[in-house]
Amino acid sequence: MKKIISLFLTLVTVFSLCACSLGKVKTTDMGKYQEYLATAEYAEEYMPSVEECGNYSSAVATKKKSGFLFVTYTVGLFLSYNEEEYCRQKEEILANRVFFQADDEDLESDCSASVDGYKLRLVRQEYHYATYKMGLLIGVNDAKQKICYLYYYDFDLDVLDNLYTFVKTYFTMP
């Protein structure tokens, strides 16, 4: 009986790991970006449109579906700019977006992290669900003049206490 249980647990673990790694996709075709937005509930509402992103020099869109029973959907948009346009886009983000601060009492998740050169911050806005279930992260990379927008949706998520680990696990980073 112990062997059967052990075999069952091993199969479930292997299947779960395979399911977690399936669904990773990235493209430089911005026509596909709109399709990616449709894969995660409410992503079209929170992620920027291509037109809102200014005059970028290159772009990569990503999507990922992770999990088997408890699924996390993520969409990423990674944009490169020349120096002048990067400064303009960064200024616009800082002027038009409000970000959570670590001491916000109504926040039930981690709100900032540094991942792969991006300084990521969680956007403070009215979401359909609590911020640990869905949210928009915006990251800037001053050294490479890049900006990323990362959206996540996981209705079953109960806590988001380590943003770095969450991003590394659930997003496809180009």
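Just so you know, the residues in each chain are numbered from 1, in the order the chain's sequence is written. Selection of residues for local features in this predicted model requires a pLDDT of at least 70, selection of side-chain atom pairs for listing and counting requires 80 or more, and totals for whole chains, interfaces and linings are taken over all residues. Calculated side-chain values reflect all of the structure's heavy atoms, with hydrogen atoms and water omitted.

Considerations on the environment of Ile147
Point 1. The numbering of helices and of strands both runs from the N terminus, where a helix is a DSSP run of H or I of at least 4 residues and a strand a run of E of at least 2. With respect to the helices and strands, Ile147 occurs in strand 7 (residues 146-153).
Point 2. Each residue's exposure class comes from its accessible area (1.4 Å probe, protein chains only) as a fraction of the maximum for that residue type: buried when under 20%, exposed when over 50%, partly exposed otherwise. With relative accessibility at 0%, the residue Ile147 sits in the buried group.

Examining helix 5 (residues 163-170)
Point 1. Buried residues of helix 5: Leu163, Phe166 and Val167, and no others. Projected onto a plane normal to the axis of helix 5, the buried residues spread over an arc of 95 degrees and lie on a single side.
Point 2. By definition in these notes, contact holds between two residues if any of their heavy atoms fall within 4.5 Å. Contacts made by the buried residues of helix 5 are with strand 3 (72-80), strand 4 (112-115), strand 5 (118-122), strand 6 (134-141) and strand 7.
Point 3. Capping the start of helix 5, Asn162 holds a side-chain oxygen 3.3 Å from the backbone nitrogen of Tyr164, two or three residues further along. Here, the arc refers to the directions that run from the helix axis to the C-beta atoms. Polar contacts, as used here, are pairs of N or O atoms within 3.5 Å; protein pairs need one atom able to donate a hydrogen and one able to accept it. Residues neighboring in sequence count only if both atoms are side-chain atoms.

Comments concerning the side chain of Ser80
Point 1. For Ser80, the location among the structural elements is in strand 3.
Point 2. By relative accessible area, which is 13% here, Ser80 ends up buried.
Point 3. Residues within four places of Ser80 in sequence aside, it is in contact with Tyr56, Ser57, Ser58, Gln145 and Lys146.

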